[in-house]
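Next come the chains, spelled out residue by residue.
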Protein chains: 2
Amino acid sequence: MSTIRAAIVGYGNLGKSVEKLIKSTPDMETYGIFSRRDQLDTDTPVYSVDEFAAKAEAKEFDVALLCTGSATDIPEQAVEYVKHAPTVDTYDNHRDVPRHKQAMDEAAREAGTVAIVSTGWDPGMFSLNRTMAQAILPTAEQHTFWGPGLSQGHSDALRRIDGVKKAVQYTLPDEAALDKARAQQAGDLTGKQAHVRSCYVVADESEHERIEHEIRTMPDYFEGYTVEVHFIDEATFDAEHTGMPHGGHVITAGDTGGYTETIEYILKLDRNPDFTASVQIAYARAAARLAEQGTTGAYTVLEVAPYLISPTPLDELIARDV
Amino acid sequence: MSTIRAAIVGYGNLGKSVEKLIKSTPDMETYGIFSRRDQLDTDTPVYSVDEFAAKAEAKEFDVALLCTGSATDIPEQAVEYVKHAPTVDTYDNHRDVPRHKQAMDEAAREAGTVAIVSTGWDPGMFSLNRTMAQAILPTAEQHTFWGPGLSQGHSDALRRIDGVKKAVQYTLPDEAALDKARAQQAGDLTGKQAHVRSCYVVADESEHERIEHEIRTMPDYFEGYTVEVHFIDEATFDAEHTGMPHGGHVITAGDTGGYTETIEYILKLDRNPDFTASVQIAYARAAARLAEQGTTGAYTVLEVAPYLISPTPLDELIARDV
């Protein structure tokens, strides 16, 4: 296949990351962005989503990267897009993935197209790692830890407290819990025990004590968790706390007759949407290849042969990486 | 497929690990061990390698796990085995993998069988991780570090020194080098700079100074490396240094426009052959399934869809892990 022409659907954080990163992807170019908005602040060609079907049927692009929201957009609209072109999405409602895959599979088979669903890192690379590590160590304990990562909902909750000027909340894996998981001793450690909620807050010093108390006693959000509260000045906040870091660990520790074998997969991401976009782009390459081979239907990352996501030819991969 | 019947070829450390671990593999059973030796210390049925072809053609087993050595056995004999049955090997001569795969592919296609080559962890899981991480972060720096791991050749070199009663050498990644790789600042760090050679030696105290000097100045093996020499007593040696630990890190750090995204895959193995066997068993499952589907030819881990190595049905995997 010559250069893969990629359409971007949606222009939020993820769509902007995809647009940026395709520029440094040697075998792919952006065809354009499909949006419901009339004007976007970009040099990339912008089309109305209403034009998607016609442009797709005219084969003006090879694959569509669906970058709209998982809350309602993907479950409602993805099946419409895949009727006209190969799609890759990052649908992240874990419980609903089986239904989504099924719906996409039916639509794709009927239309003769292909979909790769729920790429990204969790679901996505973490899913792949969970499956493979459990397959290799079938008697293992497996734990997923998230963070250090920006928690949007908890940051919003902090900002609703009277007197808080700026605030973010990061969720961090508890170091002791990580070590227990690595030693196959974490048992059924719960999310509360396994994570620390670390808050960075800008507020007048006279308010610190009251604000800290309100944070620590906030039900559902902070009460019952290990909570750290750091008051910092506004300049520090602006310099150090406006990114979108995330990541986590999948730790699988299994016994092989008195010996412990541990597999750990770690992501440390300075910018969450950039990494999600990086994975989505790699699987867009796989979707374009599957479509070219005539494969139809919907697939998860578990079903895609790994070499299909690489821009490097298979023979070179085997010589370089195996 | 009902229970997969696995034949083991060769009964060294790897073959013994495979035999042990299949016992806790729910969907697999050991058919028997093919060996060139008349008698093995095992309750498993033992057959002469001369009987392999006939037993295979009679479909007495579904897949053969080749557990013979990579030095000469696999390159010379694997093509003969795959003419009669699906095979999985752990051939670990990295530079020769392309030739081996090609030879196995021709033999397997002609015979209508299937081979999965060079499974294990490096090559194997590390290969897979290198390919996928570079596909996701195409502009990244990538480094593989090995250890802490027992180095057989270097341990032998220590034991050849006059006055050394017992000795082992572990190769460890240098912590500072790991941190540089995670921060995308390791550049073209060489193996010498990236690893520490840690020696545990039992010898009379009067000999320590001379032995340490001989170790540190031994060309090729230790000279030019960061070397630690620990003299310990024999009881400590017997209690703590007779295992076969190994492992390592694949670290891939890429820039996404001013942000660093880091993927790290870590193996910490108490018993190297047990983990290699665990991976080989998982890919034996994949080989049996590919054979059942009528697929022929030779494949690396890069070409096998990940769900095929799991004993869990795909729908359950998607619900559980994605």
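Reference entry: report on the structure contained in this document. Remember, predicted model here, so these are calculated numbers, not experimental data.

About the cut-offs
Residues numbered from 1 in each chain as written. Chains lettered and ligands numbered in written order. Predicted model: local features only at pLDDT ≥ 70, side-chain atom pairs only at ≥ 80, totals over all residues. Heavy atoms only, no water. Contact = heavy atoms within 4.5 Å. Buried area = accessible area lost by both parts, 1.4 Å probe. Salt bridge = Lys/Arg side-chain N within 4 Å of Asp/Glu carboxyl O. Helix = DSSP H or I, 4+ residues; strand = E, 2+ residues; numbered from the N terminus. Nonpolar A, V, L, I, M, F, W, Y, C, P; charged D, E, K, R; others polar. Pairing = 2+ DSSP bridges. Buried < 20%, exposed > 50% of the residue type's maximum accessible area, 1.4 Å probe, protein only. Least-squares fit on C-alpha atoms with pLDDT ≥ 70 in both. Right-handed = clockwise from strand over helix to strand, strands pointing away.

## Points about the interface of chain B and chain A
In this complex, chain B contributes 63 residues to the contact, which on the side of chain A involves 63 residues. Roughly 5,200 Å² is buried in total at the junction of chain B and chain A, and carbon and sulfur atoms are behind 67% of that figure. At the junction of chain B with chain A, the criterion picks out 0 salt bridges. For the side of chain B that touches chain A, the secondary-structure elements that each account for two or more residues are α1 (13-22), α4 (97-111), α5 (125-136), β13 (260-269), α11 (272-292) and α12 (314-321) of chain B. Taken together, the residues that form the side of chain B that touches chain A break down as 34 nonpolar, 15 polar and 14 charged. The pairing of strand β13 (residues 260-269) of chain A with β13 of chain B spans 9 bridges and is antiparallel. Residue pairing across strands places Ile266 of chain A opposite Glu264 of chain B, the latter belonging to β13 of chain B.

## Observations concerning the pattern of salt bridges
The final tally for this structure, using the stated rule, is 40 salt bridges over all chains. Here Asp179 of chain A ties to Arg182 of chain A by a salt bridge, and the two come within 2.9 Å at their closest N and O atoms. Of this pair, Asp179 of chain A and Arg182 of chain A both sit in helix α7 (residues 175-182), 3 residues apart, which is roughly one turn of the helix. With a shortest N-O distance of 2.9 Å, Arg109 of chain B and Asp105 of chain B are connected by a salt bridge. Here Asp105 of chain B and Arg109 of chain B lie together in helix α4, a separation of 4 residues that amounts to about one turn. Asp105 of chain B gets classed as buried once you look at its relative accessible area, which sits at 15%.

## Regarding the environment of Gly248 of chain B
All names here are of chain B. Within the secondary structure layout, Gly248 lies in strand β12 (residues 246-255). Exposure remark for Gly248: the relative accessible area of 0% places this residue in the buried category. Spatially, the C-alpha atom of Gly248 lies 9.9 Å from that of Thr171, the residues being 77 residues apart in sequence. Setting aside chain neighbours within four positions, we find Gly248 in contact with Phe126, Phe145, Trp146, Gly147, Tyr265, Ile266 and Leu267.

## What to know about the relation of the copies chain B and chain A
Laying chain B over chain A is done by rotating through 180° and shifting 0.0 Å along the axis; what remains is an RMSD of 0.2 Å. Look at the turn and shift together and you get a two-fold axis relating the two. A symmetric contact is evident, with 100% of the interface residues of chain B recurring at the interface of chain A.

## Brief notes about the side chain of Thr300 of chain A
Tracing the backbone shows Thr300 of chain A in the loop between β14 (297-299) and α12 (314-321). Ignoring anything within four residues of it in the chain, the contact list for Thr300 of chain A reads Lys101 and Val117 of chain A together with Ile318 of chain B.

## Re the pairing of strand β4 (residues 63-66) of chain A
Residues and elements named next belong to chain A. Where burial is concerned, the two faces of β4 agree: the one with Val63 and Leu65 and the one with Ala64 and Leu66 are both buried. Pairing between strand β1 (residues 4-9) and β4: 4 bridges, direction parallel. Residue pairing across strands places Val9 opposite Leu66, the latter belonging to β4. In terms of strand pairing, β4 meets strand β5 (residues 87-88) through 2 bridges, oriented parallel. Along β5, the bridge assignment pairs Leu65 with Val88. Handedness of the β4-helix α3 (residues 73-82)-β5 crossover: right-handed.

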